[in-house]
Amino acid sequence: MKMDLFDYVREKNMDSESPLASRLRPVTLDEVVGQQHIIGKDKLLYRAIKADKLSSLIFYGPPGTGKTTLAKVIANTTSAEFKQINATVAGKKDMEEVVKQAKELQGMYQKRTILFVDEIHRFNKGQQDYLLPFVEDGTLILIGATTENPYFEVNGALISRSSIFELKPLDKEDIKTLIRRAVTDVEKGMGSYGAVIDEDAMEFLADIAGGDARNALNAVELGILTTERDADGKIHITLDVASECIQKRVVRYDKTGDNHYDTISAFIKSMRGSDPDAAVYYLAKMLYAGEDIKFIARRVMICASEDVGNADPMALNVAVSAAQAAERIGMPEAQIILSQAVLYVATAPKSNSAVNAIAAAMENVKQYKTTVPPHLQDSHYGGAKKIGHGIGYKYAHDYPHHYVEQQYLPSEIAGARFYEAGSNGYENKIREWMEYLRNGR
């Protein structure tokens, strides 16, 4: 594609005037920060990019994790023609033009074409179907990027012809590396401004960014551009400056220190103690401080089973559904979903009988060597019945109330009792039903 003088000047201006997060994008694979689970030097994707032997790919992950960055690195690495379109604005005509050029390059020069489709989940089924035959016959190597689960949002036929790589939110150390690079890099970053960033400000930005590097880099850029120089002639990015630039007040909540564990402890104990007001307060404190929503959701799921259990079996369903929904939707809406789950668990009737049952059973397993009773052993494989497997087993559904007395525990521990149903909520019905069955109905 020919570039005129105006295109050249515009591109040069964009290189120098584009946002910091864009200017810092790596050019080579070795400059990429994070995602070592897929682009570590021993990983398949790293080797495929280095060898320029790519097949169709789909990059899946939250915003700011480097999906477009990886595509740009591939563009700089590959000998193939690289085309990029955004699914939010591209139509069928754009795709037809790409396919036409790809066929010409393939026919005339035996040159491959890589098509990068940003936000591929925005394509409707017809648009995705259009690409399929050209991916299938090798006219195009497709690289799709999506924030949505591709198994839900991308054509199954395209999925089956692509390798799926999930990009994870950058961890704090990765974001700190990028912040340092932003402040000191003279060529791509803001090193020429003579700025310095305090360690606690960098820690705060890395925490509050929530795994999205752009959040932190945008705050650094804003801070450097709007902060007056001190007497020493340097621009100092302090904790207060960082807090103002990212529009988040500093909460005294160190995610790696005692206060972190105190807060999560209070959160769990408030749900366990049936205090919805305290539980939602500690939830808000963690969310405001930038706590990982997946970490919070895990605690809610644990509490739903450990402290509610069968007193309200729906509590675990609510907690699991909330965890899945919160991760898929993300903040800020995820706070409503988590709030619903926390309030449900906090107000549900409580029972820890599931904890006691598995603890007692585990202790028993450690102490005794047992054998499954012969009548419960599998009788379906050849010759099993000849050696007594399954003989004498009573099929519960053949009896009144679908219950019949027979020995289920190994003989070595016959009569042991691990589960004692409580008297709260639904578990009271379980207890009454089990007593009814055990007492001869």
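Just above, that's the structure.
It should be emphasised that the depicted structure is a prediction, and the values quoted were computed from it without experimental measurement. (Residues numbered from 1 in each chain as written. Predicted model: local features only at pLDDT ≥ 70, side-chain atom pairs only at ≥ 80, totals over all residues. Heavy atoms only, no water.)

Peer 1: Please provide a residue-by-residue account of the overall build of the protein chain, values included.
Peer 2: Of the regular secondary structure elements, the protein chain holds 20 helices and 7 strands. Scaling as 2.2 N^0.38, a compact globule of 441 residues should have a C-alpha radius of gyration of about 22 Å, whereas the protein chain reaches 30 Å, well beyond that. Summarising its shape, the C-alpha atoms of the protein chain cover approximately 95 × 65 × 35 Å along the three principal directions. Taken across its 441 residues, the protein chain has 43% of its residues classed as buried. The contacts in the protein chain between residues at least 6 apart in sequence include a share of 71% that link residues at least 24 apart. Only carbon and sulfur atoms are counted for the fraction: they give 52% of the accessible area of the protein chain, which is about 24500 Å². (Helix = DSSP H or I, 4+ residues; strand = E, 2+ residues; numbered from the N terminus. Rg over C-alpha atoms; globule rule 2.2 N^0.38 Å. Buried < 20%, exposed > 50% of the residue type's maximum accessible area, 1.4 Å probe, protein only. Contact = heavy atoms within 4.5 Å. Areas by Shrake-Rupley, 256 points an atom, 1.4 Å probe, with all protein chains shown as cover.)

Peer 1: Provide a residue-level description of the pattern of salt bridges, including the pertinent values.
Peer 2: The tally for this structure, following the rule as stated, stands at 19 salt bridges. With its nearest N and O atoms 3.0 Å apart, the salt bridge here joins Glu-153 to Arg-328. In this pair, Glu-153 is assigned in helix H8 (residues 150-153) and Arg-328 in helix H17 (residues 314-329), connecting sequence segments 175 residues apart. Using a relative accessible area of 29% as the deciding quantity, one classes Glu-153 as partly exposed. Looking at Arg-328, the relative accessible area reads 41%, which means it is partly exposed. In this structure, the salt-bridge partner of Lys-176 is Glu-199, at a minimum N-O distance of 3.6 Å. With Lys-176 in helix H10 (residues 172-184) and Glu-199 in helix H11 (residues 199-208), the pair connects residues that are 23 residues apart, well separated along the chain. Judged by relative accessible area, Lys-176 falls into the buried class, the value being 5%. Connected via shared salt-bridge partners are Lys-172, Glu-173, Lys-176, Glu-199 and Glu-203. (Salt bridge = Lys/Arg side-chain N within 4 Å of Asp/Glu carboxyl O.)

Peer 1: Which residues make up the environment of Ser-162, and what are the values?
Peer 2: Residue placement: Ser-162 occurs in the loop between helix H9 (156-160) and strand E5 (163-166). The buried category is assigned to Ser-162, whose relative accessible area is 12%. With 104 residues separating them along the chain, Ser-162 and Ile-58 place their C-alpha atoms 6.5 Å apart. Every residue in contact with Ser-162, bar those within four places of it in the chain, is listed here: Ser-56, Leu-57 and Ile-58. Separated by 2.7 Å, the side chain of Ser-162 and the backbone oxygen of Leu-158 make a polar contact. (Polar contact = N/O pair within 3.5 Å; in protein donor to acceptor, adjacent residues only side chain to side chain.)

Peer 1: Talk me through the sheet that holds E5; I want residue IDs and the actual numbers.
Peer 2: Pairing between the strands of a sheet is mediated by backbone hydrogen bonds and can be parallel or antiparallel. If you trace the 5 strands from one edge of the open sheet to the other, you get E2-E3-E4-E1-E5, paired in parallel fashion. Two strands bound the open sheet, and with one partner strand each, they are strand E2 (81-86) and E5. Averaged over all pairs of adjacent strands, the angle between their axes in this sheet comes to 15 degrees, without regard to strand direction. In the sheet, strand E3 (residues 113-118) pairs with strand E4 (residues 141-146) via 5 bridges, with the strands oriented parallel. Looking at E4, one finds that Phe-116 is bridged to Ile-143. Along the sheet face, helix H5 (residues 67-77) touches strand E1 (57-60), E2, E3 and E4 and points at about 145 degrees away from the line of E1. (Pairing = 2+ DSSP bridges. Axes fitted to C-alpha atoms, helices over the stretch in contact; angles between N-to-C directions.)

Peer 1: Provide a residue-level description of the nonpolar core, including the pertinent values.
Peer 2: Counting residues in each nonpolar core, the largest one holds 33 residues, and the members touching the most others are Ile-179, Ile-197, Leu-205 and Val-220. Put simply, the parts of the chain that give this core at least two residues each are helix H2 (20-23), H10, strand E6 (195-197), H11, helix H12 (213-226), strand E7 (235-237) and helix H13 (239-245). Sequence-distant contacts of Val-220, defined by excluding residues within four places in its chain, comprise Leu-20, Ile-179, Ala-182, Val-183 and Leu-205. Counting 30 residues, the second largest nonpolar core, distinct from the first, contains Leu-283, Leu-287, Val-318 and Ala-341. (Core = buried A, V, L, I, M, F, W, Y, C linked by side-chain atoms within 4.5 Å.)

Peer 1: Account for the packing of aromatic side chains, naming residues and giving values.
Peer 2: Evaluation of the coordinates by the stated rule reveals 5 aromatic pairs. Relative to Phe-165, the ring of Phe-59 lies with its centre 6.4 Å away and its plane at 50 degrees, an arrangement referred to as tilted. Of this pair, Phe-59 sits in strand E1 while Phe-165 is found in strand E5, placing the two residues 106 residues apart along the sequence. Phe-165 matches Phe-59 in its accessibility class, with the two residues each being buried. (Phe/Tyr/Trp six-rings, centres within 6.5 Å; stacked < 30°, edge-to-face > 60°.)

Peer 1: Break down unusual backbone geometry for me, citing the residues and quoting the values.
Peer 2: With an omega of 10 degrees, the peptide bond between Met-331 and Pro-332 qualifies as cis. The residue Pro-332 is located in the loop between H17 and helix H18 (334-347) in this model. Even without being a glycine, Asp-52 presents a positive backbone phi close to 55 degrees. Here Asp-52 shows up in the loop between helix H4 (44-51) and E1.

Peer 1: Tell me about a negative patch on the surface, and name the residues and values.
Peer 2: Residues Asp-198, Asp-200, Asp-240 and Glu-244 make up a contiguous surface patch of negative charge. Mapped onto the fold, Asp-198 is located in the loop between E6 and H11. Given a relative accessible area of 30%, Asp-198 falls into the partly exposed group. (Patch = residues over 30% accessible without salt bridge, like charges linked within 9 Å, V, L, I, M, F, W, Y side chains within 5 Å. Lys, Arg positive; Asp, Glu negative; His and termini not counted. Charge placed at Lys NZ, Arg CZ, Asp CG, Glu CD.)

Peer 1: Please provide a residue-by-residue account of the layout of surface pockets, values included.
Peer 2: Roughly 1600 Å³ of volume is contained in the largest pocket. Lining the largest pocket are 46 residues, and of these Pro-169, Gly-210, Gly-211, Asp-292 and Lys-294 lie nearest its centre. Contributing elements (two or more residues each) for the lining of the largest pocket: helix H3 (36-39), H10, H11, H12, helix H16 (293-308) and H17. The leading source of residues in the lining of the largest pocket is H17, at 4 residues. (1 Å grid on protein atoms, 1.4 Å probe; cavity = no way out; pocket = protein on both sides within 12 Å on 5 of 7 lines; lining within 4 Å. Points joined across faces, edges and corners; volume = space filled by probe spheres on them.)

Peer 1: Could you give me a rundown of the packing of H16 against H18, with the residues and numbers involved?
Peer 2: Direction vectors running N to C along H16 and H18 enclose 15 degrees, while the axes themselves pass 10 Å from each other. With respect to their mutual orientation, H16 and H18 come out roughly parallel. Relative to H18, H16 is oriented so that their crossing is left-handed. Facing H16, whose interface residues are Ile-293, Ile-296, Ala-297, Val-300, Cys-303, Ala-304 and Val-308, H18 presents Ala-334, Leu-338, Ala-341, Val-342 and Val-345. (Parallel < 35°, antiparallel > 145°, perpendicular 65-115°, else oblique. Left-handed = near helix turned anticlockwise from the far one by under 90°.)

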